[in-house]
Every structure is written in structure tokens, then in C-alpha cells.
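# Structural overview
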Amino acid sequence: MRITKTVDSPVFNGYRAARVRSMFNVTEETGSSYTIDVDLPIEQEKWRIGLVVGPSGTGKTTLGRELLGGGRLHQGFDWDPEKPIIEQIGPGRDFGEVTGALSAVGLGTVPSWLRPFHVLSMGERFRAEMARIVIEEPEAIVVDEFTSVVDRQIAQIGASAFAKAWRRTKGQIILLSCHYDIIEWLTPDWVLDTKYWRFARGRLRRRPDIEIDIYETSSSRAWQFFKPHHYLDLPNPICATYYIAEHKGEPVAHLAASPGTGLKFVRLTRLVVMPEWQGAGVGMKFLEYVARRWFDGENRHRKRMTGIIHTSHPGL
């Protein structure tokens, strides 16, 4: 795919504009137009996710308008300020499909689903947009300013979660971003770097490992920190052992294990993953680890117990 595009703007001959051209030796031609000429060999092989990355002002948005047939550049949905996001994503689509998409992109904090878009945090807005793209734009789309408005940890974890969710669809997506730190988390099928106009195919980098430390305690004090992000408000489980997962000292996830009658099983409950870590797969690995410990008898009762969990959360 060869793309050649010249962008022109009118020449203004006011005092300041003329003085700038004179001071910095800028001609009317170079000051009012620029041309993009690039060969993107993306039609030769199958792909699902492409990334155009580079500094601001290098032509990413202009290029985006020409990709996938032209004019399909996504720069944000129109959200009704009076309705919660759960009512606006995929109108007419199956309820489970919508909640599943929200969980898949890492917006698993259920109370946030009941809030309008404008009251969400920037990270939640980013994930809500991504969920809506997965549901409503499953064929081909170009997305501008990908991860540009969120902090870098949410950007990286969010990029990884979105990539997994998008690959479950059958569509093609091209993401435009000025941040190189998402490449290894997104694992795109190809990358075009507009800083040097270099094209590379294939998943160039493996997604980084996430190492967490897990602590066991009989105290429920840490639960108050995670409680606002849980979808139920219930009293603490009886005789529970609590597990906390941390990454470099930062709290990541919480889980309680409460033995059942006769020590025949253990009920696993109060599973919470902090919003900035949702969608990375940490919660399921954490749950599996704790369940395995109890199944192997590595608990204060020194008894093997099968773990059970009752939940209506689509992420589980």
C-alpha cells in the first residue's frame, strides 16, 4: 500500500507570520504544506493489529486518515452525559457481550459501569472507549491518540488488555500513538515508526513478565483499601485467611479464603484487582496460586481442600 498525501494550509501574510518566515528562513511553500510518502506492505500477509508510532508532528494523524480506505479515523465516541456507560456501549447487543468486553479491556470495577462517561477517571474513560470499539467497530478502524491521555502504567496494562480483547474479534485495527513504551505490551503485528519512517513486521517483542509478591495474613485490615473496587458490600468472611499481591510494594490484588463446614472445601472470595492492573491476567494467576496452595494442604489447617468461588462477575 503506497500512500502519498500533501497537506496544504493557506498562506497568511500578517506581520507576525511574515516576520517568522523572515527570521527563520521559512518559505511560503515549506511553511504551508508538507507531504507524506510511504510504502506500507500490509496487504501481503494477514494481520490484526498495526501500530503507527512516532513523535507529535510527524504525520501520524494525516497518515491515519488515509489508511483502511480513508476517513475511518476514530477520535472518540459521543457519550450521553445523562446515561451510565453500560447503557451506551453496543445498544441492542447482548448484555453478557457488553459486560464481557468491559472486563476484557480491564474495566472490571462494576460500580463504574453505572456512572456516566464524564465522571469516570481518565483511565476508566480510556478503557470504556476501548470496550466500545471492541463491541461497535469489529471490522476495520484507525484509532488516534492511543493511550495518550493516561498514565504510563495504565497505558501499558490497558494496551495489553485491549490487544487480547481485539484479537478475539475478526477485525483489523491500526493504532496511532506517540508512546513507544506500549509496543512490547501491545505486541502488534507490524509497526511503522514515523520518526525514522521505518517499517517492521511481526511481534517484535515479548510482553514483559509481571512479578508479584504474595503475602498471607489473618488480618482483614487491608480489605478496606480494596473494598471500594468490589462489586458487593458484604461482611467479612468467617475465619478467613487473607492474601495480598503486591508489585514492587504497590498493592495489586486481594483474596480471602474461608474454610467451609467440616474443612471439606475452601470458599475463595473478595477477589479484587486494582483498576490500574485489571486486564493483565494477574487476577486469575493470583486466584489459581491461592487455590493450588489450599488444594495441596499449604494452609493453617494442614488439610487439602478444593477451592470454590461463587460470582456473577463476567471476568470470572
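Below: a short report on this structure. Position numbers for residues count from 1 along each chain, tracking the sequence in the order it is written. Side-chain atom pairs in this predicted model are given and counted only at pLDDT of 80 or more, local residue features only at pLDDT of at least 70, and totals for whole chains, interfaces and linings cover all residues. Computation of side-chain values: all heavy atoms of the structure, hydrogens and water removed.

## A look at the side chain of glutamate 129
Along the chain, the position of glutamate 129 falls in helix α6 (residues 122-136). Buried within the structure, glutamate 129 lacks any salt-bridge partner; arginine 132 is the closest side chain of opposite charge, at an N-O distance of 6.3 Å. Polar contact criterion, stated in full: a pair of N or O atoms within 3.5 Å, where within protein one must be able to donate a hydrogen and the other to accept it, and residues adjacent in sequence count only if both atoms are side-chain atoms. Separated by 3.1 Å, the side chains of glutamate 129 and histidine 74 make a polar contact. Only heavy atoms enter the contact rule, under which two residues are in contact if any of them lie within 4.5 Å. Setting aside anything within four residues of it in sequence, one finds glutamate 129 in contact with His74, Gly76, Phe77, Trp79 and Phe117. Each helix is a run of DSSP H or I of at least 4 residues and each strand a run of E of at least 2, with the numbering of both proceeding from the N terminus. Burial classes: relative accessible area under 20% of the type maximum marks a residue as buried, over 50% as exposed, and values in between as partly exposed (1.4 Å probe, protein chains only). In this tally, Asp and Glu contribute negative charge and Lys and Arg positive charge; neither His nor the terminal groups of the chain are included. Any Lys or Arg side-chain nitrogen found within 4 Å of a carboxyl oxygen on Asp or Glu counts as a salt bridge.

## So, the nonpolar core
Among soluble globular proteins, nonpolar side chains are generally buried collectively. Side-chain atoms within 4.5 Å link the members of a nonpolar core, which is a set of buried Ala, Val, Leu, Ile, Met, Phe, Trp, Tyr and Cys residues. Within the largest apolar cluster, 41 residues are counted, with the highest numbers of intra-cluster contacts made by Leu102, Ile133, Phe146, Phe162, Ile173 and Leu175. When residues of this core are traced back to their parent elements, those giving at least two are β3 (49-53), α4 (95-104), α6, β5 (140-143), α7 (152-167), β6 (172-177) and α8 (183-186). If sequence neighbours within four positions are ignored, leucine 102 has contacts with Ile85, Ile86, Ile89, Leu107, Gly108, Trp113 and Ala131. Listed in part, the 26 residues of the second largest apolar core include Trp223, Ile244, Trp294 and Met305.

## Quick look at the pairing of β6
The buried count for β6 comes to five of six residues, which makes it a mostly enclosed element. Whether two strands pair depends on DSSP finding at least two bridges between them. Sheet topology note: the β3/β6 ladder contains five bridges and is parallel. Of the residues in β6, the one forming a bridge with isoleucine 49 is isoleucine 173. Strand direction decides the pairing type here: β5 and β6, joined by four bridges, are parallel. Note that in β6 the partner of valine 143 across the bridge is leucine 175. Considered for its hand, the β-α-β crossover made up of β5, α7 and β6 is right-handed. By convention a crossover is right-handed if, when the strands point away from the viewer, the path from the first strand over the helix to the second runs clockwise.

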